[in-house]
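Descriptive structure summary
Letter by letter, the chains look like this.
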Amino acid sequence: MKPKIFIFGDSYSADYGTELSWVKHLEKDLNLEYEIYNFSVVGTGPTLLFDDLKKQIKTINASKDDILIFVLPDVQRVNLSFVSRQSDQTLTTATKFNSSGFLFHAKQRFGNKNLQFLLKFNEYYSLHSSNLENEYMKYFSYLSVIGQQHFNKTLVIPTVPLPDDIDITIFQKIDNFYLSDILIQDISENESKENKAMLRTHGGDSRTNHLNQDNKIELKNQVISWIKNNTPLDYKKFNIKS
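Residues numbered from 1 in each chain as written. Predicted model: local features only at pLDDT ≥ 70, side-chain atom pairs only at ≥ 80, totals over all residues. Heavy atoms only, no water.

Concerning the sheet that holds strand 1 (residues 4-8)
Strand pairs in the sheet, formed through backbone hydrogen bonds, run parallel or antiparallel to each other. Spatial ordering of the open sheet is given by 2-1-3-4-5, a layout of five strands whose pairing is parallel. Where the open sheet ends on each side, the last strands, each with one partner, are strand 2 (35-38) and strand 5 (177-179). Strand-to-strand twist of the sheet, defined as the mean angle between neighbouring strand axes without regard to direction, takes the value 10 degrees. On top of the sheet, helix 1 (residues 22-30) reaches strand 1, strand 2 and strand 3 (67-72); it is set at about 170 degrees to strand 2, its chief contact. Helix 2 (residues 46-59) rests against strand 1 and strand 3 of the sheet, and its axis sits at about 165 degrees to strand 3. (Pairing = 2+ DSSP bridges. Helix = DSSP H or I, 4+ residues; strand = E, 2+ residues; numbered from the N terminus. Axes fitted to C-alpha atoms, helices over the stretch in contact; angles between N-to-C directions. Contact = heavy atoms within 4.5 Å.)

Digging into unusual backbone geometry
Of note in the backbone geometry, N61 takes a positive phi value of approximately 60 degrees without being a glycine. Inspection of the secondary structure puts N61 in the loop between helix 2 and strand 3. One non-glycine residue, N176, lies in positive phi territory at about 60 degrees.

Concerning the layout of surface pockets
In this structure, the second largest pocket occupies an estimated 210 Å³ of space. Lining the second largest pocket we find 15 residues, and of these Y178, L179, S180, D181 and P232 sit closest to its centre. At three residues, strand 5 tops the list of elements feeding residues into the lining of the second largest pocket. Class assignment for the residues of the lining of the second largest pocket results in nine nonpolar, five polar and one charged. (1 Å grid on protein atoms, 1.4 Å probe; cavity = no way out; pocket = protein on both sides within 12 Å on 5 of 7 lines; lining within 4 Å. Points joined across faces, edges and corners; volume = space filled by probe spheres on them. Nonpolar A, V, L, I, M, F, W, Y, C, P; charged D, E, K, R; others polar.)

Some remarks on the pairing of strand 2
On strand 2, burial follows the alternation: I36 and N38 on one face are buried, whereas E35 and Y37 on the facing-out side are not. Pairing between strand 1 and strand 2: four bridges, direction parallel. By the bridge assignment, F6 is partnered in strand 2 with Y37. With respect to chirality, the unit in which strand 1 leads through helix 1 into the neighbouring parallel strand 2 is right-handed. (Buried < 20%, exposed > 50% of the residue type's maximum accessible area, 1.4 Å probe, protein only. Right-handed = clockwise from strand over helix to strand, strands pointing away.)

A word on the pairing of strand 3
Within strand 3, six of the six residues are buried, which leaves it mostly tucked inside the rest of the structure. Residue alternation in strand 3 divides its side chains into two sets, I67, I69 and V71 and L68, F70 and L72, and both sets are buried. Alignment of strand 1 against strand 3, held across four bridges, turns out to be parallel. Across the sheet, residue F8 finds its bridge partner in strand 3, namely F70.

By themselves, these observations are geometric and do not establish any function.
Next up, the structure:
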């Protein structure tokens with residue numbers, strides 16, 4: 001029986017669009033060696049992913065031969081019960097931009113009552129943003145424990161910049177737990193000058209995983225090197241503007 005690779009994340013690792021995701025490229029290269037399960041959801045936050053991780057560990061029967069890859073979304077994405085479409089969870093983050101385009105989209109999708117509730121998230125972000133380091137430390141700690149208990153090794157790839165005052169050195173000392181220092185958002189935004197604006201329009205980016213084809217292949221190759229040799233991911237190898 002082949003060992004398994006569990007992958008969780010948001011649009012930076014989900015399968016969608018007209019192009020193959022980097023995870024699909026990973027499957028093509030490793031299909032003879034691993035069974036790959038991709039549980040990534042476009043637009044989701046970490047809360048839903050952690051709930052699903054606990055579920056899938058039991059459902060698919062994770063073993064100590066298996067690997068966990070967790071592409072950690074923005075922790076300010078909050079999964080709300082009245083948001084029936086998982087892909088709309090990203091709109092909780094969008095409230096802080098408070099743009100007319102977002103307001104129209106959210107009103108059409110959620111109605112006036114829930115829209116007013118969403119707009120209250122502006123106050124939430126004002127408070128929450130001062131405690132982001134605690135949120136990230138909580139998620140990293142949880143992943144390290146889950147990884148030690150259920151998997152052979154764990155790779156965590158943050159998508160957005162971490163708080164400046166967060167100390168991740170403690171996690172670098174944990175066996176078989178690898179916290180990458182690359183940020184997929186940085187790669188995505190630096191492919192060309194237009195991409196940063198596209199990412200800020202919440203759906204205006206047509207690139208699968210918000211990466212061009214070269215960088216999806218590069219990410220796939222680097223993940224394979226980590227799987228086989230524990231090679232750290234290297235930002236300098238990606239195709240980005242100087």
